[in-house]
Amino acid sequence: MSAAPRDLSTFLDRLGAAGELVEIEAPVDPDLEVAEIHRRVIAAGGPAVLFRNVKGARIPLVTNLYGTARRVDLAFGSRPEEVIARAAKLPEELMPPTLGKLWKERGLFFDLARVGMQRRARGPVTEVVEDPRLFELPAFKSWQRDGGRFLTLPLVYTEHPGAGGSNLGMYRIQLHSEDEVGVHIQIHRGGGFHLSVAEERNEPLPVNIHLGGPPALTLSAIAPLPENVPELLLASLALGKRVALAHNPAGPLPVLADAEVVLVGKIQPGARRPEGPFGDHYGYYSEVHDYPWMKVDKVLRRKNAILPATVVGKPRQEDFFIGDYLQKLLSPLFPVVMPSVVDLWSYGETGYHSLSAARVRERYKREAMVSAFRILGEGQLSLTKFLLLTDGPVDLHDFPSLLRHVLARANFETDLFVFANLSMDSLDYAGPRINEGSKGVLLGIGEPVRDLPTEFHGTPSRLVRDVAVFTDGCLAVAGPPHAAAPEAGRAIGEDPAFADWPLVVLVDDAPEATRTTTRFLWTTFTRFDPASDLYGRTVTLAHHHASFTPPLVIDARKKANYPEELFCDPETATTVTNRWNEYFPEGGVEMGDSDVGHLDEA
């Protein structure tokens, strides 16, 4: 088993030895320039970038740590996958338990015995204790309309005010002043639950915002673990040793000893102020909303601290590579936690929450819906907007094959379920209001019920500007702008030209939407709300069930209430283009297209 790095500096040494790290000595501006350099490097599949001279900052900055599958492997090693895969088999292989079986697994039990936390009087992160001067951190502004400078890889540690259990989450941090920060903590996250309890008790919530440390901490902070499972246990398992917690000289909560920087403070009951805008991982801006803010009492840091950060935007960014690794890591546990679920995958191209798919067991009629409700009731999976289910031997990672498999089997009259008026991801603006929206579930179970068309030969109405085939059975159709024809989806569903196609996606640009699978996923599933943007040739109410006659039409055009798509501003783009050789005087670092990123990769 290859071990995970014990801290950020160890990880950087590993990246350097592997040729996966470059340094920029030239001065760079934290206002937009840093982020555009990062975006162009990651768009070309380039290395991690260590910025030695961020204007106004006292410490260096490193980004793109996890921007390829190879660097993710270097960050976490092989140990987590091996241990979890072995642990997932225990319930089956140890039953009935015998001394021989237990002895055979002694290595695994030894590994699991080292999982946990270790308390210390001090740690590297407590070397310096100082008053906050937050604008001297190399936090940066990523997009032109962003509301300010943000910390984008924060490890936010809180404890339950009553029960005492801990949570480590990742919530973006906006710098409001030298000693005040906005905390984008959402109510459906563990830290949000802790804040809710503290406010019910009219108590401030102590918060430690960590930056840096072992990459295993980043992994655990974003892992979709059950609410009562401490993230630090996963971090410990990934590290192969206990997570070091040090005494906090500035607050009541312990600090992660091997972090680079910690902001120590409290969120007072009811403390809210506007946060954002922020260019987010859906590829659009999230707008200004009220979120908690925290007064920072002290900053703890290493003497030679380095600040890690990331930039989010259109897929695929760093969060995509970490998210896919997490899914592979945890996939052996899905059948243990949800016995009827054989495999499960969420699509990073859609921001993860917008689309998931599962292979399930259908041992009796409609058992697939038992699996659907189980998935939609599980932790962060509860934020899933659209869920595809099948019982066939299809590779969920191959989305076109999965879609063909489902479309050939779906009886839309009875196999499509739409649930309105639900809580949704606050970053998904397709619903009627923030945090509100709907869900859809489509079953493709059993044997095929139709042959799928492969070419379009129809003559559509003048409403249609262009038609492109995404895959067998699925068309993208370009229609008028939504503002000009909000009910165009209904007309397209009734158009005889599309009668043979089970799925039609109404978009603004059909050739662009079908250029790659990534484009199709991002365009389709980030821009529609199931309850308001699904149409059919007919839609009737049968036993209080909305029964659709194909074609099923998804209206994925941009709507008036939808936020602006992310693009680099022209001035910053020109600056970075002109200075590229100054950043990398020895060459060897390709300049990618940040506006396209990885969208056009097959």
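Above: the structure in question.
Quantities reported herein were computed from a predicted structural model and do not represent experimental measurements.

1. Focus: the overall build of the protein chain
Stage number 1. The helix and strand tally for the protein chain stands at 19 helices and 31 strands.
Stage number 2. Against the compact-globule benchmark of 25 Å for 602 residues, the protein chain has a radius of gyration of 25 Å, which places it among compact chains.
Stage number 3. Across the 602 residues of the protein chain, 59% fall into the buried class.
Stage number 4. Excluding contacts between residues fewer than 6 apart, the proportion of contacts in the protein chain whose partners are at least 24 apart in sequence is 74%.
Stage number 5. For the protein chain, the distance from the average position of its 62 positive side-chain charges to the average position of its 79 negative side-chain charges is 5 Å.

2. Side note on the pairing of strand β21 (residues 355-360)
Stage number 1. Counting buried positions over the six residues of β21 gives five, a clear majority of the element.
Stage number 2. Pairing of strand β20 (residues 341-346) with β21, which is carried by five bridges, proceeds in the antiparallel orientation. When the bridges of β21 are listed, V341 appears paired with V360.

3. Observations concerning the nonpolar core
Stage number 1. L65, Y66, I375, L389 and V441 are the most contacted members of the largest nonpolar core, which has 49 residues in total.
Stage number 2. Here this core gets seven residues from one element, more than from any other, and that element is helix α10 (residues 318-330).
Stage number 3. Ignoring any residue separated from it by four or fewer positions in sequence, one finds L389 in contact with A358, V360, A368, A372, I375, V406, V441, L442, L443, G444 and I445.
Stage number 4. Judged by nonpolar contacts, the second largest core, of 47 residues, contains I37, Y171, V207 and F584.

4. Focus: the sheet that holds strand β4 (residues 117-120)
Stage number 1. Spatial strand order, β4-β12-β13: three strands in an open sheet with mixed pairing. Of all the strands in the sheet, the pair left with one neighbour each is β4 and β13 (255-256).
Stage number 2. Bridge count for β4 against strand β12 (residues 243-246) is four bridges, and the pairing is parallel. Paired with R120 across the two strands is A246, which belongs to β12.
Stage number 3. In the packing of helix α9 (residues 231-239) onto the sheet, the strands contacted are β4, β12 and β13, and the crossing angle to β12 comes to about 125°.

5. Overview of the environment of G587
Stage number 1. With respect to the secondary-structure elements, G587 resides in the segment after α19 (570-583).
Stage number 2. Looking at G587, the relative accessible area reads 41%, which means it is partly exposed.
Stage number 3. Distance from G587 to R359, taken between C-alpha atoms, is 46 Å for residues 228 residues apart in sequence.

6. Focus: helix α13 (residues 399-409)
Stage number 1. When you tally the buried positions in α13, you get nine out of eleven residues, the bulk of the element.
Stage number 2. Considered for burial, the residues of α13 that qualify are F399, P400, L402, L403, H405, V406, L407, A408 and R409.

7. Re the sheet that holds strand β2 (residues 48-51)
Stage number 1. Judged by pairing direction, the sheet is mixed, and its four strands sit side by side in the order β1-β2-β3-β19 without closing on themselves. At either end of the open sheet lies a strand with only one pairing partner, and these are β1 (21-24) and β19 (307-308).
Stage number 2. Pairing of strand β3 (residues 61-63) with β19, which is carried by two bridges, proceeds in the parallel orientation. Residue pairing across strands places V62 opposite P308, the latter belonging to β19.
Stage number 3. Set on the sheet, helix α1 (residues 8-17) makes contact with β1, β2, β3 and β19; between it and β1 the angle comes to about 105°.

Conventions used here
Residues numbered from 1 in each chain as written. Predicted model: local features only at pLDDT ≥ 70, side-chain atom pairs only at ≥ 80, totals over all residues. Heavy atoms only, no water. Helix = DSSP H or I, 4+ residues; strand = E, 2+ residues; numbered from the N terminus. Rg over C-alpha atoms; globule rule 2.2 N^0.38 Å. Buried < 20%, exposed > 50% of the residue type's maximum accessible area, 1.4 Å probe, protein only. Contact = heavy atoms within 4.5 Å. Lys, Arg positive; Asp, Glu negative; His and termini not counted. Charge placed at Lys NZ, Arg CZ, Asp CG, Glu CD. Pairing = 2+ DSSP bridges. Core = buried A, V, L, I, M, F, W, Y, C linked by side-chain atoms within 4.5 Å. Axes fitted to C-alpha atoms, helices over the stretch in contact; angles between N-to-C directions.

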